[in-house]
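# Structure at a glance
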Amino acid sequence: MPKYIMSLDQGTTSSRCILFNEKGLIESVAQKEFTQIYPKAGWVEHDPAEIWFTQISVATEAMQHINASASDIAALGITNQRETTVVWDKATGRPIYNAIVWQCRRTSEYCDSLKEEGYDQVIKDKTGLILDAYFSGTKVKWILDNVEGAREKAERGELLFGTIDTWLIWNLTNGKVHVTDYSNASRTLLFNIHTLKWDEDILAKLNIPLCMLPEVKPSSCVYGETDPSLLGGAIPIGGAAGDQQAALFGQVCHKPGTAKNTYGTGCFLLMNTGEQAITSKNGLLTTIAWGLDGKVEYALEGSIFIAGAAIQWLRDELRMIDHASHTETYAKSVPDTNGVYVVPAFTGLGAPYWDQYARGTVVGLTRGVKKEHFIRATLESLAYQTYDVLKAMQEDSGIELKALKVDGGACANNFLMQFQSDILGVQVDRPEIIETTALGAAYLAGLAVGYWKDKEDISKNWALSKSFVPKMTTEKCDELLVGWHKAVKCSLGWAK
Ligand SMILES: Nc1ncnc2c1ncn2[C@@H]1O[C@H](COP(=O)(O)OP(=O)(O)O)[C@@H](O)[C@H]1O
Ligand SMILES: O=P(O)(O)OC[C@H](O)CO
């Protein structure tokens, strides 16, 4: 009887593999960071070969840590940074260009031109998304327009497109399977979330041939088996989901009205809306949560582009800290930010502002401002951005959240979680396992092969580690939020 489920978590900054047991506990982890490529201001790329190589090597490493063999693994699930776009040659399996990362702004002006024609409404109606460079569609078009001979090859059926789930499954099956799941398809700008088909009108508008797109399947289903040469035997690939939807599943937000916020590179707040696709009036996205049990379920999403990445910026570019976790001590060493606000709009602002031209802004500097204030203000910016998104979500859904489940690397920060609870006026619940993204993918894969019976079987695994309850007065909160919103105004439209 196989003992584990393997989860491949291909994130924006690292590739990770976790082996889970049937209680949803971690048995083994391996992780590798990979290169971020910034060819021009506002452009972000990854090397797809490095993504594949780091991912397969951490899988091997995680197995070695506990002497697991392929026969010990019941199934493998995949979860991934979403929207990031790879186009490769079907015959050779070689990418024709670097992966264009979700954060990349190179197609902003093209998106503007479509907006001027009013095409943003068409996009919203069909895909549930905002017309923005964030999503895959305009990135695929950019590759076809800019790599010599690419469009002709694509039209002849010689090129394939995939988000990272598709790229990994293609490689895991040695080029046999070209698929994606509903949750990832719903982030491409090319998928109609109501008809559940690739949208031929949008494809024609963006001049993207249908033949290069993957087949879209449920998030929990056996897509194929890993090539036996890779992990010492064939393992069924039983599930795939975009990382934010996987986290929603891993947090057992299986019922409408339940929500989670993931604090990783960015911050993504998702609320399950069941079989109803709610259209936002406040700058949120309507997205597919997963395809499971013969149907799809939807979510409302607030996407914040820069969260933990701002902490990495403090560490790597400003060199104010040696380690992300040190921010907690610095922030607690001062009573406030001394009037400083940091708006980390490094790649524009996502929900609810959707300003492609906003840029990072620091306001309120005076002679007495110390590094501790700056660090605290950067941490607080994650909580303020979450406030803006949660407010929009409560208005759209008509649901007042009683508690917010949190996960992702930066939710380990107790200062941040307390400040988050204060500013939201809502309880914040951190689970024992904060690797819920990987766990969600494991659950989807395990369900497909009968390792877990059903959602109820999974739900009992969720365990609370710590709750944070609001302590700040409403007056103080309001005062801080006025300052934040003034700071956001300063950042808007800067790069126009
Ligand atoms: N204790 C901490 N306090 C604040 N930020 C943190 C802390 N630990 C990790 N982070 C941030 O969290 C991010 C890593 O989280 P993770 O969930 O692994 O992200 P991703 O999946 O996007 O790569 C990094 O951006 C890092 O700066
Ligand atoms: O890699 P993460 O965890 O920052 O997630 C990135 C998101 O999927 C982008 O939409």
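Only a predicted model underlies this, so the values are computations on that prediction, with no experimental measurement involved.

Once that is clear, we can look at the overall build of the protein chain. Across its full length, the protein chain carries 17 helices and 23 strands. In terms of overall size, the protein chain behaves like a compact globule, its C-alpha atoms giving a radius of gyration of 22 Å where 496 residues would be expected to give roughly 23 Å. Referenced to the eigenvectors of the C-alpha coordinate spread, the extents of the protein chain come out at roughly 60 × 55 × 45 Å. Per-residue burial over the protein chain gives 63% buried out of 496 residues. Sequence separation of at least 24 residues holds for 72% of the intrachain contacts in the protein chain that already meet a minimum separation of 6. Carbon and sulfur atoms form 50% of the exposed surface of the protein chain, whose accessible area is close to 18,500 Å².

Moving on to the site of ligand 1. In the region of ligand 1, 15 residues are neighbours, and Thr13, Arg16, Thr265, Gly308 and Gly409 sit closest. Backbone polar atom of glycine 308 to an oxygen atom of ligand 1: 3.0 Å apart, as the coordinates give it. Here the shell around ligand 1 takes four residues from helix 11 (residues 308-316), the largest share from any one element.

To continue, consider the pattern of salt bridges. Applying the stated criterion to the full structure yields 26 salt bridges. For the salt bridge of glutamate 61 with lysine 32, the shortest nitrogen-to-oxygen distance reads 3.5 Å. Taken together, the residues glutamate 61 in helix 1 (residues 48-65) and lysine 32 in strand 3 (residues 26-33) connect sequence positions 29 residues apart. Judged by relative accessible area, lysine 32 falls into the partly exposed class, the value being 30%. Residue glutamate 83 is joined to arginine 82 by a salt bridge in which the shortest nitrogen-to-oxygen separation is 3.8 Å. The pair formed by glutamate 83 and arginine 82 is uniform in burial state, with each residue classed as buried. Through salt bridges with shared partners, a single ionic network connects Arg82, Glu83, Arg187, Asp243 and Glu301.

With that settled, consider the UniProt feature "binding site: sn-glycerol 3-phosphate" (unreviewed entry) in the protein chain. When the UniProt feature table is mapped onto this chain numbering, "binding site: sn-glycerol 3-phosphate" (unreviewed entry) sits at Thr12, Arg82, Glu83, Tyr134 and Asp243. Residue position: tyrosine 134 is located in the loop between helix 3 (119-127) and helix 4 (136-146). With residues near it in sequence (within four places) discarded, tyrosine 134 still touches Arg82, Glu83, Trp102, Arg105, Lys139, Arg187, Phe268, Leu285, Glu301, Ser303, Phe305 and Trp354. Within polar-contact distance, the side chain of tyrosine 134 engages the side chain of arginine 82 at 3.3 Å. Mapping aspartate 243 onto the fold places it in helix 10 (residues 243-250).

Moving on to the site of ligand 2. In the vicinity of ligand 2, the contacting residues are Gly11, Thr12, Gln81, Arg82, Glu83, Trp102, Tyr134, Asp243, Gln244, Thr265, Gly266 and Phe268. At 2.6 Å from an oxygen atom of ligand 2 is found a side-chain nitrogen or oxygen belonging to glutamate 83. In this structure, threonine 265 approaches ligand 2 through a side-chain N or O atom, which is 3.4 Å from an oxygen atom. Within the complex, the protein chains bury 93% of what would otherwise be the 310 Å² of accessible surface of ligand 2. Grouping the amino acids of the shell around ligand 2 by side-chain chemistry returns three nonpolar, six polar and three charged.

On to the sheet that holds strand 15 (residues 259-263), then. Strand order in the open sheet formed by seven strands is 17-18-16-15-21-22-23, and the pairing between neighbours is mixed. The sheet is open, and its two edges are formed by strand 17 (285-292) and strand 23 (464-468), each paired on a single side. The average undirected angle you get between the axes of adjacent strands in this sheet is 30°. Relative to strand 22 (residues 427-431), strand 21 (residues 403-407) runs parallel, the two being bridged by three bridges. Along strand 22, the bridge assignment pairs lysine 405 with aspartate 429. The sheet contacts of helix 13 (residues 371-397) involve strand 15, strand 16 (267-274) and strand 18 (295-304), and relative to strand 18 the element is tilted by about 140°. Seen against the sheet, helix 14 (residues 414-424) touches strand 15, strand 21, strand 22 and strand 23 and runs at an angle of roughly 145° to strand 22.

In the numbering used here, UniProt assigns the feature "binding site: glycerol" (unreviewed entry) to Arg82, Glu83, Tyr134, Asp243 and Gln244. Looking at glutamate 83, the relative accessible area reads 1%, which means it is buried. Ignoring any residue separated from it by four or fewer positions in sequence, one finds glutamate 83 in contact with Ile100, Trp102, Tyr134, Phe135, Ser136, Lys139, Thr163 and Arg187. Among the polar contacts made by the side chain of glutamate 83, one reaches the side chain of tyrosine 134 at a distance of 3.3 Å.

Take the nonpolar core next. Counting 134 residues, the largest nonpolar core has Ile208, Met212, Tyr263 and Ile423 as its most contacted members. Broken down by element, the residue count for this core peaks at 12 residues, all from helix 13. Those residues in contact with isoleucine 208 that sit more than four places away from it in its chain are Gly137, Val140, Lys141, Leu144, Leu190, Leu203 and Leu213. Listed in part, the 37 residues of the second largest apolar core include Ala30, Leu76, Val86 and Val177.

Quick look at the packing of aromatic side chains now. Enumeration according to the criterion identifies 23 aromatic pairs in this entry. Taken together through their ring pairs, the aromatic side chains of Trp102, Tyr134, Phe135, Phe268, Phe305 and Trp354 make up a single cluster. The aromatic ring of phenylalanine 268 is capped on one face by arginine 82, whose charged end is 5.1 Å from the ring centroid. Lying over the aromatic face of tyrosine 119, lysine 205 brings its terminal NZ or CZ to 5.1 Å of the ring centre.

Calculation notes
- Residues numbered from 1 in each chain as written.
- Chains lettered and ligands numbered in written order.
- Predicted model: local features only at pLDDT ≥ 70, side-chain atom pairs only at ≥ 80, totals over all residues.
- Heavy atoms only, no water.
- Helix = DSSP H or I, 4+ residues; strand = E, 2+ residues; numbered from the N terminus.
- Rg over C-alpha atoms; globule rule 2.2 N^0.38 Å.
- Buried < 20%, exposed > 50% of the residue type's maximum accessible area, 1.4 Å probe, protein only.
- Contact = heavy atoms within 4.5 Å.
- Areas by Shrake-Rupley, 256 points an atom, 1.4 Å probe, with all protein chains shown as cover.
- Near = heavy atom within 4 Å.
- Polar contact = N/O pair within 3.5 Å; in protein donor to acceptor, adjacent residues only side chain to side chain.
- Salt bridge = Lys/Arg side-chain N within 4 Å of Asp/Glu carboxyl O.
- UniProt positions renumbered as here; feature names shortened; annotations may be inferred.
- Nonpolar A, V, L, I, M, F, W, Y, C, P; charged D, E, K, R; others polar.
- Pairing = 2+ DSSP bridges.
- Axes fitted to C-alpha atoms, helices over the stretch in contact; angles between N-to-C directions.
- Core = buried A, V, L, I, M, F, W, Y, C linked by side-chain atoms within 4.5 Å.
- Phe/Tyr/Trp six-rings, centres within 6.5 Å; stacked < 30°, edge-to-face > 60°.
- Lys NZ or Arg CZ within 6 Å of the ring centre and 35° of its normal.

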